[in-house]
Amino acid sequence: MVDLSIDGVDCFYESVKILEDVRFSVKTGTFLGILGPNGSGKTTLLKSISRVLKPRKGAILLNDADVYKMKTREVARNMAVVPQDSAIAFSFTALQIVLMGRSPHLSRFQSESENDLAIARQAMEYTGTWRFADRLVTELSGGERQRVIIARALTQQPKILLLDEPTSHLDISNQLEIMDLLKQLCIDKKLLIVGVFHDFNLAARYCDSVILLKDGKIVAAGKAAETLTSESIKNVFGIDVIVNKHPVTDLPYVIPISKPKDQQQRTLSVHLICGAGTGSTLMKILTDSGYNVTAGVLNVLDTDFATAEFLKIPVATEPPFSTVTEKAQKANLEMIRKASLVVVTSVPFGFGNLQNLEAAVEALKRGTPTYIIDEVPIETRDFTQGKAKALFDELKSLGAIFVTNQHELLDMLHVSEEKARMANGASSAHHLKPGRGSRKII
Amino acid sequence: MYFLLLVLLFMVTILVSLNMGFTPIPFQDIVNILLKNIPFLGDSVHLTQFQIDKEPIIMLVRFPRILCGALVGAALAASGTIFQGLFRNPMADPYTTSASSAASLGAALAIVLGVGVSTFGLLTIPIFAFIGCMISVLVVYFISRVGSRVPITTLLLSGIAVSIFELAIVAYLQTIAGDRLGPLTFWLIGSLSSTRTTWMGLLSILPFIIFGIIVAYFYSRDLNLLTLGEDQAQHLGINLERVKLLLMMVGALLAGAAVAISGAIGFIGLMVPHLARLLVGPDHRILIPSSVFLGASFLVLCDGLTRMLTSPASPQEVPVGVITAVTGVVFFLFLLRRKKRVEAL
């Protein structure tokens, strides 16, 4: 059993405070992940735990003993560290490197015994490195070398294993292999593992608990599944993410979304007739550019519906795989009535969503400008024996504006936006420099 | 395996270089003279008249000089091995850590101030060299201290800076040396031919060098761990600052003792550890003894060559530093090429 307590630690580099009042406590058999943006103090925290950077305030307690008052050798018998970059300049063999893990257990005048060799061999077999025991570490691949370093750490027979982004230089399959190995160690050997990680998903998948660090302070801590939420990640990293359940592991799965650009308030509102993912990009671009966006009618479970839900766009909906009903159609027309313009994406039309085209006709008749993104010829996406084509022709005759892609659409929208602003007499600055603000959005 | 070969090489080198020199003496006679001089056992050995004539050349000139050369070579090689392991830097040697230049400065001061001749006789130069070396290494160590730690990079940089400073003072001392310029210059070039390489000179440095090598050997596992980097060494239980300071002092002691008797002989501290590493690998437990024997053999052999190149036509001896550089570089490049070819296969 081992108990590691970080008791109100303040750490400095020269006069710069890196860690402030960090306190937590972990026990045997835990896999703890420390997450945070660059410069949040993750590595510093690990350094202060591993007796490299002495905290100016507070203490690191190993079973209630201050590690900075213990002998270096004694700490090394309890705690092993796997560094981020394990490049080794001198050409030792893998076995020689692993045997170095025995040195905290040996006195100056003692050399390694059969028993020490057996311990090293066991660690190497466990990590799958015994087969290249005699190869030079300088000639191993990054993943192999990292496994050798883990074997060395195990040879120290520690109770605590500290890892500083142990997989950051490795490819994905090596990353998973190393993390599986560590998880196994945590369970098999009842090790306490404290690791700094960059990747939320890796941390979510393997860590029991996580600590989120920001500017040297702990902002969230607890069970991985409860702590890794879109709110806490937004708070710490300043980015928007979607946190889903992983379909296979049922653990949190984090999908980052790029930062929205500076939003401009727009006067125009846009109603999208889309589906099957044809409107997702446009929804994101339009909302980021500050337009009010609505959409419909979309089936729940449609990709565009998921996007709209995430972007908090109002949608007229219909249950999955069902035809647009009168009720949904009414809701849709209501949204269209409120919108300043309608955009029809290159969605395929079948009998299930033909009503959406009829709604567009309705909009035009009412005098709402309607844009049609004609990326794919209607003939190839008309599954209604020509009915959709006929409605398309009608739209054309009613004066719908056909554009070839979304860039062209956005250009035209921005022009309309400027016109609308001028008509409303908004912002005199825009009168002087027309179009300046709108172009940079594209 | 390679280590035993190196020990054998060392023995052969000693015998061969006893043979090298102005006066030809056959091996048979050399062996007899040596046997005669072994206490107790030597009483039963009888020398011929020729051997009795040549005994002073062997026992008073060549043998002490060769043993001094062996000690100096061993000390410089061990010092270089320590510094390279400690700094994880192939460029680290007694020069880049200021040990050599500090020893030179100390000795130059002794010569120019005249204390070397007037006060205690010959021993003062070694003592000055030695003190200079220790002070300088400590100064370098404390200059490069950041907080409670001494990062290797600042240590190397300040070592080079201090070294340049010391060599500048030595250059100044040369300009004001006056009639002592001759001995000073000769000493600065580095040679084993001086009046210091006697039994007396040998005894004055022997304890320091033996002590230094033994301490270095006991810290060879620490050196292995230090080659992984300071943090990792500490994570594996090394009391970092204490071990670093101790190893620096030992490196300075070895370099100082060597420079004290032979002047500054370049190349050995830098190249011999590399050669030894190519032969026996990076494990300091075998690398340090190997470097010691390789360094000893190498310098003795080079010194033998200087004596062979001396003839009545050119009585001025070639400084041994010239030979060490020329032969050493060629040998080193050859080994490097061969190693590359093996790796390419």
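Residues numbered from 1 in each chain as written. Chains lettered and ligands numbered in written order. Predicted model: local features only at pLDDT ≥ 70, side-chain atom pairs only at ≥ 80, totals over all residues.

Trainee: How should I be thinking about the overall build of chain A in this particular structure?
Mentor: Scanning chain A from terminus to terminus reveals 17 helices and 18 strands. Overall, chain A is about 95 × 50 × 40 Å in size when its C-alpha atoms are taken along their principal axes. Expressed as a percentage of its 442 residues, the buried residues of chain A come to 41%. Put simply, 65% of the contacts in chain A that link residues at least 6 apart link residues at least 24 apart. (Helix = DSSP H or I, 4+ residues; strand = E, 2+ residues; numbered from the N terminus. Buried ≥ 20, exposed ≤ 12 C-beta atoms within 10 Å, placed from the backbone. Contact = placed C-beta atoms within 7 Å.)

Trainee: Please clarify how the sheet that holds strand β9 (residues 209–214) of chain A should be interpreted in this entry.
Mentor: Residue and element names in this part refer to chain A. Reading across from one edge, β6-β7-β8-β3-β9-β10 is the order of the six strands in this open sheet, with mixed pairing throughout. Because the sheet does not close on itself, it has two edges, and the strands there are β6 (79–82) and β10 (217–223). Here the average twist between neighbouring strands, direction ignored, is 15°. Where strand β3 (residues 31–35) and strand β8 (residues 192–196) come together, four bridges link them in parallel fashion. Bridged to L32 within β8 is V194. (Pairing = 2+ DSSP bridges. Axes fitted to C-alpha atoms, helices over the stretch in contact; angles between N-to-C directions.)

Trainee: Please clarify how the packing of helix α2 (residues 27–36) of chain B against helix α3 (residues 49–87) of chain B should be interpreted in this entry.
Mentor: How two helices pack is summed up by the angle between their axes together with the distance between the axes. Residues and elements named next belong to chain B. With their axes 10 Å apart at the nearest point, α2 and α3 run at an angle of 75° to one another. Relative to α3, α2 is oriented roughly perpendicular. The segment α2 lies against α3, with D29, I30, N32 and I33 engaging F50, Q51, K54, E55, I58 and M59. Broken down by class, the residue content of the contact of α2 with α3 amounts to five nonpolar, two polar and three charged. (Parallel < 35°, antiparallel > 145°, perpendicular 65-115°, else oblique. Nonpolar A, V, L, I, M, F, W, Y, C, P; charged D, E, K, R; others polar.)

Trainee: Hey, could you run me through the interface of chain B and chain A in this one?
Mentor: Many descriptions give the size of an interface as the accessible area lost when the pieces come together. Each partner contributes residues to the interface: chain B has 18 residues there, and chain A has 20 residues. Of all the secondary structure elements, the ones that give two or more residues to the side of chain B that touches chain A are α10 (220–226) and α11 (230–235) of chain B. Looking at the side of chain B that touches chain A element by element, the count peaks at four residues for α11 of chain B. Grouping the constituent residues of the side of chain B that touches chain A by class yields six nonpolar, eight polar and four charged.

Trainee: Is there a simple way to explain the sheet that holds strand β15 (residues 315–318) of chain A in this structure?
Mentor: Residues and elements named next belong to chain A. Overall, parallel pairing links the six strands, which are arranged β15-β14-β13-β16-β17-β18 in an open sheet. Bordering the open sheet on either side are β15 and β18 (401–403), each of which pairs with just one other strand. Direction aside, neighbouring strands of the sheet carry axes that sit 20° apart on average. Sheet analysis places strand β13 (residues 269–273) next to strand β16 (residues 341–344), joined by four bridges and oriented parallel. Each residue of the ladder has a partner; that of I273, found in β16, is V344. Contacting β13 and β14 (292–299), helix α10 (residues 280–288) runs over the sheet at an angle of about 160° to β14.

Trainee: Hey, could you run me through the pairing of β9 of chain A in this one?
Mentor: Every other side chain in a regular strand lies on the same face of the sheet, so the side chains alternate between the two faces. Residues and elements named next belong to chain A. By the bridge criterion, four bridges tie β3 to β9 in an arrangement that is parallel. Across the sheet, G33 pairs through a bridge with V210, a residue of β9. Inspection of the sheet shows β9 paired to β10 by six bridges, in the antiparallel sense. Following the sheet pairing, K214 is matched in β10 by K217.

Trainee: Help me understand the pairing of strand β4 (residues 57–62) of chain A, please; the structure alone is not making it clear to me.
Mentor: Residues and elements named next belong to chain A. Pairing of strand β1 (residues 3–13) with β4, which is carried by five bridges, proceeds in the antiparallel orientation. Paired with S5 across the two strands is L61, which belongs to β4. Of the strand pairs in this sheet, β4 and strand β5 (residues 65–66) are connected by two bridges, and their pairing is antiparallel. Of the residues in β5, the one forming a bridge with L61 is D66. Linking β4 back to β5 in an antiparallel pair, the connection comprises two residues, with N63 at a positive phi of about 50°.

Trainee: What is the right way to read helix α11 (residues 303–310) of chain A from this model?
Mentor: All names here are of chain A. Among all positions of α11, only D304, F305, T307 and A308 are buried. The buried residues of α11 occupy an angular sector of 160° when projected down its axis, which confines them to one face. On its buried face, α11 sits against α10, β14 and β15. Two residues or fewer after α11 comes K312, characterised by a positive phi angle close to 60°. (Arc of directions from axis to C-beta.)

Trainee: In this structure, what is going on with the confidence of the model for chain B? I would like to understand it.
Mentor: Parts of the model with low pLDDT should not have their predicted coordinates read in detail. Residues and elements named next belong to chain B. Summing up the model confidence of chain B, the mean pLDDT is 82 and the portion of residues at 70 or higher is 89%. By mean pLDDT, helix α5 (residues 115–118) is the weakest element of chain B at 52, and α10 is the strongest at 92. Interface scoring of the predicted complex returns ipTM 0.80; its pTM is 0.73. (pLDDT = per-residue confidence, 0-100.)

Trainee: Whenever I open this one, the environment of W199 of chain B confuses me. Can you help?
Mentor: Turning to its location among the elements, W199 of chain B is positioned in helix α9 (residues 199–218). A count of 13 C-beta atoms within 10 Å places W199 of chain B in the partly exposed class.

Trainee: Help me out: how do you make sense of helix α6 (residues 172–188) of chain A in this one?
Mentor: Along an α-helix, a turn takes 3.6 residues, which lines up residues three or four apart on a common side. Residues and elements named next belong to chain A. Along its 17 residues, α6 runs 24 Å from first to last C-alpha, staying within 8% of the 24 Å computed at 1.5 Å per residue. Packing partners of the buried residues in α6 comprise β3, α5 (142–155), β8 and α7 (200–206). Looking one or two residues past α6, K190 carries a phi angle of roughly 55°, positive in sign. (Expected span 1.5 Å × (residues − 1).)

Trainee: Before we go on, may I ask you to explain the confidence of the model for chain A in this structure?
Mentor: Residue and element names in this part refer to chain A. With 93% of its residues at a pLDDT of at least 70, chain A reaches an overall mean of 83. When mean pLDDT is taken per element in chain A, helix α3 (residues 94–99) scores highest with 94 and helix α17 (residues 436–439) scores lowest with 40. Note that pLDDT drops below 50 for residues 427–442; the model gives that stretch 15 contacts with residues more than four away or on any other chain.

Trainee: Explanation requested: the environment of T278 of chain A in the structure shown.
Mentor: Residues and elements named next belong to chain A. Note that T278 resides in the loop between β13 and α10. Separated by 66 residues in sequence, T278 and V344 place their C-alpha atoms 9.6 Å apart. When near neighbours in sequence (up to four residues on either side) are disregarded, T278 contacts T345, S346 and V347.

Trainee: Where do I start with unusual backbone geometry in this structure?
Mentor: Among all residues except glycine, the phi angle is most often negative; among peptide bonds, the trans geometry is most common. All names here are of chain A. With a phi angle near 50°, Q157 is a residue other than glycine that sits in the positive phi range. Looking at Q157, the number of C-beta atoms within 10 Å reads 16, which means it is partly exposed. Positive phi, close to 55°, is recorded for Q385, a residue that is not glycine. The residue Q385 is located in the loop between β17 (370–373) and α14 (387–397) in this model. In this structure Q385 comes out as exposed when scored by C-beta crowding, with 9 C-beta atoms within 10 Å.

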